[in-house]
Amino acid sequence: MAADHGPAAAPLRCGPVPRVGSRPGPFPACAGPCPRRAPPLTRVCLSGPRPGLCGAGGREPGAAPRRAIGHGRVAVELDSSAGVAVMKMENLPVNSLSLDFLTEFLISLEKLENDRGCRGVILTSGAPKIFSAGLDIMEMYGKSTEHYAEFWKAVQEMWLRLYQSNMVTIAAINGSSPAGGCLMAMCCDYRIMAENPKYSIGLNETQLGIVAPFWFKDTMVNTIGNRATERSLELGLLYSPPEAHKIGLVDQLVPEEKIQSTAAAVMSQWLAIPDHARQITKSMMRKPTVDRLLAHRESDIQNFVSFISKDAIQKSLHMYMEMLKQRRG
Amino acid sequence: MAADHGPAAAPLRCGPVPRVGSRPGPFPACAGPCPRRAPPLTRVCLSGPRPGLCGAGGREPGAAPRRAIGHGRVAVELDSSAGVAVMKMENLPVNSLSLDFLTEFLISLEKLENDRGCRGVILTSGAPKIFSAGLDIMEMYGKSTEHYAEFWKAVQEMWLRLYQSNMVTIAAINGSSPAGGCLMAMCCDYRIMAENPKYSIGLNETQLGIVAPFWFKDTMVNTIGNRATERSLELGLLYSPPEAHKIGLVDQLVPEEKIQSTAAAVMSQWLAIPDHARQITKSMMRKPTVDRLLAHRESDIQNFVSFISKDAIQKSLHMYMEMLKQRRG
Amino acid sequence: MAADHGPAAAPLRCGPVPRVGSRPGPFPACAGPCPRRAPPLTRVCLSGPRPGLCGAGGREPGAAPRRAIGHGRVAVELDSSAGVAVMKMENLPVNSLSLDFLTEFLISLEKLENDRGCRGVILTSGAPKIFSAGLDIMEMYGKSTEHYAEFWKAVQEMWLRLYQSNMVTIAAINGSSPAGGCLMAMCCDYRIMAENPKYSIGLNETQLGIVAPFWFKDTMVNTIGNRATERSLELGLLYSPPEAHKIGLVDQLVPEEKIQSTAAAVMSQWLAIPDHARQITKSMMRKPTVDRLLAHRESDIQNFVSFISKDAIQKSLHMYMEMLKQRRG
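Residues numbered from 1 in each chain as written. Chains lettered and ligands numbered in written order. Predicted model: local features only at pLDDT ≥ 70, side-chain atom pairs only at ≥ 80, totals over all residues. Heavy atoms only, no water.

**Here we look at the overall build of chain A**
Per the secondary structure count, chain A includes ten helices and eleven strands. Within the span of chain A, comprising 329 residues, buried residues form 59% of the whole. For chain A, restricting intrachain contacts to residue pairs at least 6 apart in sequence, the fraction spanning at least 24 positions comes to 76%. Accessible area for chain A stands at about 12300 Å²; split by element, carbon and sulfur atoms hold 57% of it. (Helix = DSSP H or I, 4+ residues; strand = E, 2+ residues; numbered from the N terminus. Buried < 20%, exposed > 50% of the residue type's maximum accessible area, 1.4 Å probe, protein only. Contact = heavy atoms within 4.5 Å. Areas by Shrake-Rupley, 256 points an atom, 1.4 Å probe, with all protein chains shown as cover.)

Here it is in structure tokens:
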């Protein structure tokens, strides 16, 4: 877009995106959430009774009663002057995505989403050497079908909320990130990974004899394309940081000690874009993928429950857990 | 395809595509438009009263009266011996896509499309340092809703005609090409860009607080894939020539003084392919994307009109224009 | 997936996929086809009367009577200890895809598909310097419309069976692979090509004045993406091995003498993944593309028959065959 009577806007370049310093606001974007002043660096530790995840804090009809959360598995620090929160996953030892963790994660995310003082979130790990190990196997073994359904619904909810977040979401991947951990990273707008050769990332479900559901697959196709996804999923590949960078599974590699500062710098580039325009664009890009899960949400839950309830699968999970115990021992 | 009794056709290689010198025509392609003799290098300057854009020159029922075109904003040179036209955009200073310009562009394109002596078009700029600055902001400020609708329909029409052209279309991008300028380039079959570090290209709408419509997005996804488009659109990125080449937004970089000769050489490679087969293939590739706009054409116009008519947007555009004036002053 | 009480599975890396040695089976994958003991290295030569291709060996109602297969055009060697078969195309001189060849190919593939002792197939050529030259032009010239329909149905069937095979399929591309030969390679799970600069691969139909059907196109888009496919198909490009590798049309290049050993090594990586999980994943990736042909299978046959029956096309094919004869002479 340019006026007929003068030169176009000075070319803005890729790489570091310059802040639009001379932007002649108020742009319509500011009709949406805009940063406001608030006390800087509030540390939020969620520990109260757990509200429902959907709607205005109520419990969904027919939902199973929910356990209280005993301690903080997600540490949130909001820098109100920047409008940026850091969500640090602290479900030790490996940030397994348990039902409790997912619930706390969703509450934290929801609070930030509704906080007009927060425009961006950096998702990272407080556990050593691991971003997230993915879905918690304990939630899938020896439980009731109701429990499996509740768990899977929470996994879906995590994806739906994170993938569609109105905030800028940046994954600071400071450790290995298999399976569900990789999914969380792929949900973000931008992925920065520590270039530690011991770390890996990928959807490795087939290595365990299970299958990533279609919306995991869709998310990966959207990120690295069809062919790389096909090979990746069929072989259950876990990529080293350079490999992940090469195929576009992560956007940037940095030395481990610079990951948080890099995330903050990248965030400020993203926040230079008017929120409203960015949010509409993000929705335009991701909505078809989201709609596909929403259209099949119940059958996806039923598929998971019937699959995971099979004797053969339960037996496999049991043996897998025994193997993990031995390794640990 | 190969005969059972002999070796296959000699392997033809990528890179410079060799002319199929020994092609045993007449191939069915020649049922379609084939080059014919005509006076070489005709310079077409459109200056008569403006006919309607759709159908056989008539005005659409209910369309607003149209202004006459005062002077040539698109210079067309047709080399009949080669069957190739050069369309040079000359809407100084920055080839803004005004309603008048789009109209003249469409008439010129239509004439070439219907000229059996023209099989290919090289789209380039006669303005210094800029290919096209994109949509003319003056058409979107302080006008009637009827005007906005007419303007947007012309933008759609430009995309529909250029993206589906039966001719081989090559963009010789000899200057910066933001927003609508980038769209025009992406509509072509092949993009050659001058490797001048001062030039940039991209869909930078979000930088201005506005949003590229879904068919701009679709065109970019078809060109550079989903993930690169997502990042590109959300950040409103403008790429330097090497960056644009790396992500596939342009196909080839050349020194500025060689851009026209390179475009001519590439064109001759494309014209070595039988028109009919190439046209069917092009339609097969692009039709689903075109059909998506055709199915939502009216609602897309309504969306644009209601968005651009908002007070907040009008105010933003006003301030943007003031900024451009100051820069110019 | 990880247990809450211990470290995640040791990171498995990309590149050579490690065998999951300590996998605590039986995984559900083993509910599907698992390798069993059988006599090693059986050489299968098909020479009996030809059964129907569809269903349990019966002939489809209304199908034309089928000719007997005189001699083996597909040599199959099954290494039962590895669970891997090598299918070597031996339809000399150039492995043209004739109706007889396609029929024999389909029967061989079907036998392996139903053999629980076979989990993977390596597809390669016994002809010198050529993988497959693609569809046999003789099947498309001077025959009845019934013959054209039968031939095209066999081409469709080849694609449907190979693209959806439950076995791991690896193409060891030891020669040029234009048109239908390229399609066969793209149907496989992995493509290894000999890095002989005389070889090329691609869908070059437009070079011959014909058009690759939509499912050829879909298969290529799934392999190399939309833009590379668009350019590739419109220009009928044949790529040298390095070019093919660069755009992802083949996955790996090796010296010609190492192609079979490399294929075997890659196969063992793929077979380390539980069959069941890999098969479900493959189906999830490819089913939408397959469904598109199934939904339009009859009209696709009609399109082919009416196109190939045209006088202009028949004349072109005649001249093309004359040219091939002269080259050979």
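Now that the structure is up, let's keep going.
**Details of unusual backbone geometry**
That bond from Leu92 of chain B to Pro93 of chain B is cis: its omega, 5°, falls within 30 degrees of zero. Phi angles above zero are rare outside glycine, and Asn95 of chain C is one such case at about 50°. Of note in the backbone geometry, Lys129 of chain C takes a positive phi value of approximately 70° without being a glycine. With respect to the helices and strands, the residue Lys129 of chain C is situated in the loop between strand E5 (120–125) and strand E6 (134–135). A residue is classified by how much of its surface remains accessible, and Lys129 of chain C, at 59% relative accessible area, is exposed.

**Some thoughts on the side chain of Thr281 of chain B**
Along the chain, Thr281 of chain B turns up in helix H8 (residues 275–295). Given a relative accessible area of 2%, Thr281 of chain B falls into the buried group. Leaving out residues up to four positions away in the same chain, Thr281 of chain B has contacts with Thr206, Val211, Leu233 and Glu234 of chain C.

**Let's talk about the packing of helix H4 (residues 214–224) of chain C against helix H5 (residues 226–235) of chain C**
All names here are of chain C. Interaxial distance between H4 and H5 falls to 7 Å at its minimum, and their mutual angle equals 130°. Taken together, the axis directions place H4 and H5 in an arrangement best described as oblique. Between H4 and H5 lies a crossing whose hand is right-handed. Residues Lys217, Met220, Val221 and Ile224 of H4 form the contact with H5, whose participating residues are Asn226, Ala228, Thr229, Ser232 and Leu233. By residue class, the composition of the contact of H4 with H5 is five nonpolar, three polar and one charged. (Axes fitted to C-alpha atoms, helices over the stretch in contact; angles between N-to-C directions. Parallel < 35°, antiparallel > 145°, perpendicular 65-115°, else oblique. Left-handed = near helix turned anticlockwise from the far one by under 90°. Nonpolar A, V, L, I, M, F, W, Y, C, P; charged D, E, K, R; others polar.)

**Concerning the pairing of strand E2 (residues 74–79) of chain C**
All names here are of chain C. Pairing between E2 and strand E3 (residues 84–89): six bridges, direction antiparallel. Pairing of Glu77 across the sheet is with Val86, part of E3. Turn length for the E2-E3 hairpin, with the two strands adjacent in sequence and antiparallel, is four residues, and the turn residue Gly83 shows positive phi of about 75°. (Pairing = 2+ DSSP bridges.)

**Let's talk about the nonpolar core**
Phe105 and Ile170 of chain A, Phe105 of chain B together with Phe105 of chain C are the most contacted members of the largest nonpolar core, which has 267 residues in total. Apart from residues lying up to four places away in sequence, Phe105 of chain A is in contact with Val74, Met87, Leu123, Met158, Leu162 and Met184 of chain A. (Core = buried A, V, L, I, M, F, W, Y, C linked by side-chain atoms within 4.5 Å.)

**So, the packing of helix H2 (residues 145–163) of chain A against helix H8 (residues 275–295) of chain A**
Residues and elements named next belong to chain A. Look at H2 against H8: their axes get within 10 Å of each other, and the N-to-C directions meet at 165°. When the axis of H2 is compared with that of H8, the two are roughly antiparallel. At the point where H2 passes H8, the crossing takes the left-handed sense. Residues Gln156, Trp159, Leu160 and Tyr163 of H2 lie in contact with H8, whose contacting residues are Lys282, Arg286, Thr289, Val290, Leu293 and Leu294. Class assignment of the residues belonging to the contact of H2 with H8 gives a composition of six nonpolar, two polar and two charged.

**Quick look at the confidence of the model for chain A**
Residue and element names in this part refer to chain A. Looking at chain A, the pLDDT average stands at 83 and 78% of residues meet or exceed 70. Residue range residues 1–70 is modelled with pLDDT below 50. Its contacts to residues more than four positions away, or to other chains, number 171 contacts. Here the predicted complex scores 0.83 on pTM and 0.81 on ipTM. (pLDDT = per-residue confidence, 0-100.)

**Topic: the packing of aromatic side chains**
All names here are of chain A. Applying the stated rule across the entire model yields 26 aromatic pairs over all chains. Look at Trp152 and Phe304: their rings are 4.1 Å apart centre to centre, the planes differ by 10°, and that puts the pair in the stacked class. Placement of the pair is Trp152 in helix H2 and Phe304 in helix H9 (residues 297–308), with a sequence separation of 152 residues. Per residue, the accessibility class of Trp152 equals that of Phe304, and both read buried. (Phe/Tyr/Trp six-rings, centres within 6.5 Å; stacked < 30°, edge-to-face > 60°.)

**A look at the pattern of salt bridges**
All names here are of chain C. Summed over all chains, the structure comprises 51 salt bridges over all chains. Two residues, Asp100 and Arg73, come together in a salt bridge whose shortest N-O distance is 3.8 Å. Residue Asp100 is located in helix H1 (residues 99–113), and its partner Arg73 is located in the loop between strand E1 (42–44) and E2; the two are separated by 27 residues in the primary sequence. Accessibility expressed as a relative area gives 14% for Asp100, which makes it buried. (Salt bridge = Lys/Arg side-chain N within 4 Å of Asp/Glu carboxyl O.)

**Here we look at the environment of Ile301 of chain A**
Residue and element names in this part refer to chain A. Secondary-structure assignment places Ile301 in helix H9. Sequence spacing of Ile301 and Lys153 is 148 residues, and the spatial spacing of their C-alpha atoms is 6.8 Å. Ignoring anything within four residues of it in the chain, the contact list for Ile301 reads Ala149, Trp152, Lys153 and Gln156.

**Details of helix H9 (residues 297–308) of chain C**
Given 3.6 residues per turn, any residue in an α-helix points the same way as the ones three and four places further on. All names here are of chain C. Under the 1.5 Å per step criterion, the end-to-end length of H9 is 17 Å for twelve residues, consistent within 8% with the ideal 16 Å. Inspection of H9 places Arg297, Asp300, Ile301, Phe304, Val305, Phe307 and Ile308 among the buried residues, and these make up the whole buried set. One side of H9 holds all its buried residues, which, seen down the axis, span an arc of 170°. Buried positions along H9 lie against helix H2 (145–163), H4, helix H8 (275–295) and helix H10 (311–328). (Expected span 1.5 Å × (residues − 1). Arc of directions from axis to C-beta.)

**What to know about the pairing of strand E9 (residues 190–194) of chain A**
The side chains of a regular strand alternate, residue by residue, between the two faces of the sheet. Residue and element names in this part refer to chain A. E9 sits mainly inside the fold: five of its five residues count as buried. Neither face of E9 is exposed, since Tyr190, Ile192 and Ala194 on one face and Arg191 and Met193 on the opposite face are all buried. Across four bridges, strand E7 (residues 168–173) lies against E9 in parallel orientation. Bridge pairing in E9 links Ala172 to Ile192.

**Notes on the environment of Ile273 of chain A**
Take Ile273 of chain A: it is sitting in the loop between helix H7 (259–271) and H8. Judged by relative accessible area, Ile273 of chain A falls into the buried class, the value being 0%. Setting aside residues up to four positions removed in sequence, Ile273 of chain A forms contacts with Arg119 and Arg278 of chain A together with Thr206, Gln207, Glu234 and Leu235 of chain B.

**What about the environment of Gly126 of chain C?**
Residue and element names in this part refer to chain C. Inspection of the secondary structure assignment puts Gly126 in the loop between E5 and E6. Note: C-alpha distance between Gly126 and Glu90 (36 residues apart in sequence) is 5.0 Å. The contact partners of Gly126, leaving out residues within four places of it in the chain, are Lys88, Met89, Glu90, Leu92 and Asn95.

**So, the state of the cysteines**
All names here are of chain C. The full count for this structure, using the stated rule, is zero disulfides over all chains. Here Cys187 stays unpaired: no disulfide links it, and the sulfur of Cys188, its closest cysteine neighbor, is 6.9 Å away. Judged by relative accessible area, which is 1%, Cys188 ranks as buried. (Disulfide = S-S within 2.5 Å.)

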